[in-house]
Amino acid sequence: MSQTVRGVIARSKGAPVELVEVVVPDPGRHEAIVAVQACGVCHTDLHYREGGINDGFPFLLGHEAAGVVESVGEGVEPDTLRPGDFVILNWRAVCGVCRACARGRPWYCFDTHNAAQPMTLTDGTPLSAALGIGAFADKTLVHAGQCTKVDPAAPATAAGLLGCGVMAGLGAAVNTAAVTRGDTVAVIGCGGVGMGAVAGAALAGARTVIAVDRDPRKIELARATFGATHTVDAAASDVVAAVRALTGGFGADVVIDAVGRPETYEQAFYARDLAGTVVLVGVPTPDMRLDLPLLDYFGRGGSLKSSWYGDCLPSRDFPLYVDLARQGRFPLEAFVSETVGLGDVEAAFAAMHRGDVLRSVVVL
């Protein structure tokens, strides 16, 4: 039998979110129902509300979540997933058979899975689940492959953040850029994603980690909590000159743009050393364009990369970083700025827009 639960939707472009009743069907083949325990408020949810992703309104928002499996449908093997498992939800459930998976690169999977059935409003209107998850709800329906089992001793408020923002930044440093011992790294933008990149670079053994932001609160937090060795106030300094000054005049081995704007990308491009790497993990809007001299691209060498979801493989990465956090080696819980209720999502968007939080987390 279907269930009716509370959920937060964006009904139309730019309109305030609404707390409504949502109908969750029984899980079909290869599907699972998860009782959500916590879900982070990510900027991507705001993009959905503002129509920046697509126009598939109404959206059931929320995707950065952890919870407990309530039930599974046919075809889900018990040794893979069963009721009672504590899971982090992911939005890139790999297919295992596409050309990327067949080449041993499942983190690039080109045919990821979501639940086949829609959740709906009580009048039958189908909902578009944000990133195929829709976790600003008491319960949500997902593909079983979107459930990654982790240590149940981990707090759901922090563990769920690996489902998107923290993993995107962490993976940009560790997976995409392959930061290693002795590297110099600069991260432009110290929101949740950028702070994940700062912490990831420190975890990987970078000898210099430079946190760049316009908000003095964030750059101080980057140094005090997440492993930055140096900081740059982008509102008061020339970012390129400052990064070069902190790296012997050469520029950083790796520069990560966690903002995703043409001006920050240009800073990243020129703040890297010769043969250095630039990683774009901040998400640009469709109208943005980049104009760089082609000779500069050729003459500087190195790599220009983008990072999708931190190029992570959830089955490999989520349990690892939960374990490192449990051991005190990765500051996952420090990303949680506040916990709020399901009815407080609109206020959490406002706090995020003001830069007051790394992450507000909805607790159910």
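Quick caveat, the model's predicted, so the values are computed rather than measured.

Engineer: Explain the sheet that holds strand β14 (residues 252-257) here, please?
Structural biologist: Within a sheet, adjacent strands bond to each other through the backbone by hydrogen bonds, running parallel or antiparallel. One open sheet accounts for six strands, arranged β13-β12-β11-β14-β15-β16; its pairing is parallel. Lying at the two open borders of the sheet, with one neighbouring strand each, are β13 (230-233) and β16 (303-306). The mean angle between the axes of side-by-side strands here comes to 15 degrees, regardless of whether they run parallel or antiparallel. Pairing between strand β11 (residues 184-188) and β14: four bridges, direction parallel. Within β14, the residue paired with V187 across the bridge is I256. Lying on the sheet, helix α8 (residues 262-271) is in contact with β11, β14, β15 (272-280) and β16; it crosses β15 at an angle near 150 degrees.

Engineer: It is not clear to me how unusual backbone geometry should be interpreted in this structure. Could you clarify?
Structural biologist: The omega angle of the peptide bond from F57 to P58 is -5 degrees, so this bond is cis rather than trans. Examined against the element boundaries, P58 turns out to sit in the loop between α1 (43-49) and β4 (59-60). Positive phi values are uncommon outside glycine, yet Y309 reaches one of about 55 degrees. Here Y309 is to be found in the loop between β16 and α10 (314-326). Its relative accessible area of 3% is what places Y309 among the buried residues.

Engineer: Which parts of the structure should I look at to understand helix α4 (residues 165-176)?
Structural biologist: Think of an α-helix as 3.6 residues a turn; residues three or four steps apart then line up on the same face. Taking burial as the measure, the twelve residues of α4 include ten buried ones, the bulk of the element. Turning to α4, its buried residues number three or more, namely G165, V166, M167, A168, G169, L170, G171, A172, A173 and T176. Packing partners of the buried residues in α4 comprise β5 (64-72), α5 (192-204), β14, β15, β16 and α10. Once α4 ends, the next one or two residues include A178, with phi positive near 55 degrees.

Engineer: Explain the layout of surface pockets here, please?
Structural biologist: Once rolled over the atoms, a probe with the size of a water molecule shows which space is left empty. Size it by volume and the second largest pocket reaches roughly 360 Å³. Listing elements by their share of the lining of the second largest pocket, those giving two or more residues are β10 (147-149) and α10. Looking at the lining of the second largest pocket element by element, the count peaks at three residues for β10. Classifying every residue of the lining of the second largest pocket by side-chain character gives eight nonpolar, eight polar and three charged.

Engineer: Would you explain the packing of α4 against α5 in this entry?
Structural biologist: Helix packing for two helices is described by the angle between their axes and how far apart those axes are. Running from N to C, α4 and α5 point in directions that differ by 40 degrees, and their axes come no closer than 7 Å. As far as their axial angle goes, α5 and α4 are oblique. Seen from above, α4 lies across α5 with right-handed handedness. Where α4 abuts α5, its residues G165, V166, A168, G169, L170, A173 and V174 lie against G192, V193, G196, A197, G200 and A201. Here the contact of α4 with α5 is built from residues that sort into eight nonpolar, five polar and no charged.

Engineer: Would you take a moment to explain the pairing of β16 for this structure?
Structural biologist: Working note: regular strand, side chains alternate between the two faces of the sheet. As paired strands, β15 and β16 are joined by four bridges and run parallel to one another. From the neighbouring strand, L280 faces β16, where its bridge partner is S306. Taken together, β15, helix α9 (residues 294-300) and β16 form a β-α-β motif whose crossover is right-handed.

Engineer: Looking at this structure, I do not really get the pairing of strand β1 (residues 3-10). What am I missing?
Structural biologist: Direction of pairing for β1 relative to strand β2 (residues 18-24): antiparallel, over a ladder of seven bridges. In the sheet register, R6 faces β2, and the bridge partner there is E21. Where β1 and β4 come together, two bridges link them in antiparallel fashion. Bridge pairing in β4 places A10 opposite F59.

Engineer: Quick question: what am I supposed to make of a nonpolar patch on the surface here?
Structural biologist: Together, L294, Y297 and L304 line one region of the surface with nonpolar side chains, adding up to about 310 Å² of accessible area. Along the polypeptide, Y297 turns up in helix α9.

Engineer: Please explain the packing of α4 against α10 as it appears in this structure.
Structural biologist: Running from amino to carboxyl end, α4 crosses α10 at an angle of 100 degrees, the nearest separation of the two axes being 12 Å. In terms of orientation, α4 lies roughly perpendicular with respect to α10. For the pair α4 and α10, the contacting residues are M167, L170, V174 and N175 in the first and R316, D317, F318 and Y321 in the second. A breakdown of the residues in the contact of α4 with α10 according to their chemical character gives five nonpolar, one polar and two charged.

Engineer: Help me out: how do you make sense of the environment of A241 in this one?
Structural biologist: In this structure, A241 sits in helix α7 (residues 239-245). Residue A241 is classed as partly exposed on the basis of its relative accessible area, which comes to 43%. Note: C-alpha distance between A241 and Y270 (29 residues apart in sequence) is 9.2 Å.

Engineer: Explanation requested: the packing of aromatic side chains in the structure shown.
Structural biologist: Within a pair of aromatic rings, the relevant descriptors are the distance that separates the centres and the angle that separates the planes. Throughout the structure, instances matching the rule amount to nine aromatic pairs. Between F269 and Y270, the ring centres sit 4.9 Å apart and the planes meet at 85 degrees, which makes this aromatic pair edge-to-face. Since its relative accessible area comes to 22%, Y270 is described here as partly exposed. Seen from their ring centres, Y321 and F330 are 6.0 Å apart, and the 55 degrees between their planes marks the pair as tilted. By the burial criterion, Y321 is buried, and F330 matches it. Members of the aromatic cluster, connected to one another through ring pairs, are F226, Y321, F330 and F335. In this arrangement the basic side chain of R272 is found over the ring face of F269, its NZ or CZ atom lying 4.8 Å from the centre.

Reading the values: rules and limits
- Residues numbered from 1 in each chain as written.
- Predicted model: local features only at pLDDT ≥ 70, side-chain atom pairs only at ≥ 80, totals over all residues.
- Heavy atoms only, no water.
- Pairing = 2+ DSSP bridges.
- Helix = DSSP H or I, 4+ residues; strand = E, 2+ residues; numbered from the N terminus.
- Axes fitted to C-alpha atoms, helices over the stretch in contact; angles between N-to-C directions.
- Contact = heavy atoms within 4.5 Å.
- Buried < 20%, exposed > 50% of the residue type's maximum accessible area, 1.4 Å probe, protein only.
- 1 Å grid on protein atoms, 1.4 Å probe; cavity = no way out; pocket = protein on both sides within 12 Å on 5 of 7 lines; lining within 4 Å.
- Points joined across faces, edges and corners; volume = space filled by probe spheres on them.
- Nonpolar A, V, L, I, M, F, W, Y, C, P; charged D, E, K, R; others polar.
- Parallel < 35°, antiparallel > 145°, perpendicular 65-115°, else oblique.
- Left-handed = near helix turned anticlockwise from the far one by under 90°.
- Right-handed = clockwise from strand over helix to strand, strands pointing away.
- Patch = residues over 30% accessible without salt bridge, like charges linked within 9 Å, V, L, I, M, F, W, Y side chains within 5 Å.
- Areas by Shrake-Rupley, 256 points an atom, 1.4 Å probe, with all protein chains shown as cover.
- Salt bridge = Lys/Arg side-chain N within 4 Å of Asp/Glu carboxyl O.
- Phe/Tyr/Trp six-rings, centres within 6.5 Å; stacked < 30°, edge-to-face > 60°.
- Lys NZ or Arg CZ within 6 Å of the ring centre and 35° of its normal.

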